[in-house]
Amino acid sequence: MAAEVDFKFETFEEYFGDADQVKRICEDCEVCGSKLIHTHLSDYKNLFVQETARCPDCGSGGGKKIHILN
């Protein structure tokens, strides 16, 4: 059984291309191309948001990211 992947910090270098391509990277499943469902958990004391993405069609995890709030 594979271990769950920890959250990784979001870096803007992973987003490349024009606006449509970046939107696909953020919103579409890498496996089947369906729209991902994003859930967010805000932690305003530490100024970050935990984001988890999951595909409703194939069940693939779209990733776990930490967004830093400025």
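Summarised in this report is the structure supplied together with it. Note that this is a predicted model, so its numbers are computed, not measured.

Definitions and limits used
- Residues numbered from 1 in each chain as written.
- Predicted model: local features only at pLDDT ≥ 70, side-chain atom pairs only at ≥ 80, totals over all residues.
- Heavy atoms only, no water.
- Helix = DSSP H or I, 4+ residues; strand = E, 2+ residues; numbered from the N terminus.
- Buried < 20%, exposed > 50% of the residue type's maximum accessible area, 1.4 Å probe, protein only.
- Contact = heavy atoms within 4.5 Å.
- Lys, Arg positive; Asp, Glu negative; His and termini not counted.
- Charge placed at Lys NZ, Arg CZ, Asp CG, Glu CD.
- Salt bridge = Lys/Arg side-chain N within 4 Å of Asp/Glu carboxyl O.

**Considerations on the overall build of the chain**
Along the chain, the regular secondary structure elements total one helix and four strands. Walking the chain from its N terminus toward its C terminus, one meets helices and strands in the order β-α-β-β-β. Expressed as lengths along the three principal axes of its C-alpha atoms, the size of the chain is roughly 35 × 35 × 20 Å. Residue burial in the chain is summarised as follows: out of 70 residues, 19% are buried. Within the chain, contacts between residues at least 6 apart in sequence are counted, and of these 29% link residues at least 24 apart. Mean positive and mean negative side-chain charge positions of the chain (8 and 13 charges, respectively) differ by 3 Å.

**Concerning the pattern of salt bridges**
Evaluation of the coordinates by the stated rule reveals two salt bridges. Here K35 ties to E27 by a salt bridge, and the two come within 3.6 Å at their closest N and O atoms. D28 is paired through a salt bridge with K35; the nearest N and O atoms lie 3.2 Å apart. Residues joined by salt bridges that share partners form a network here, namely E27, D28 and K35.

**Quick word on the environment of R24**
For R24, the location among the structural elements is in helix 1 (residues 19-27). R24 sits in the partly exposed class, given a relative accessible area of 46%. Sequence separation between R24 and E10 is 14 residues; the distance between their C-alpha atoms is 16 Å.

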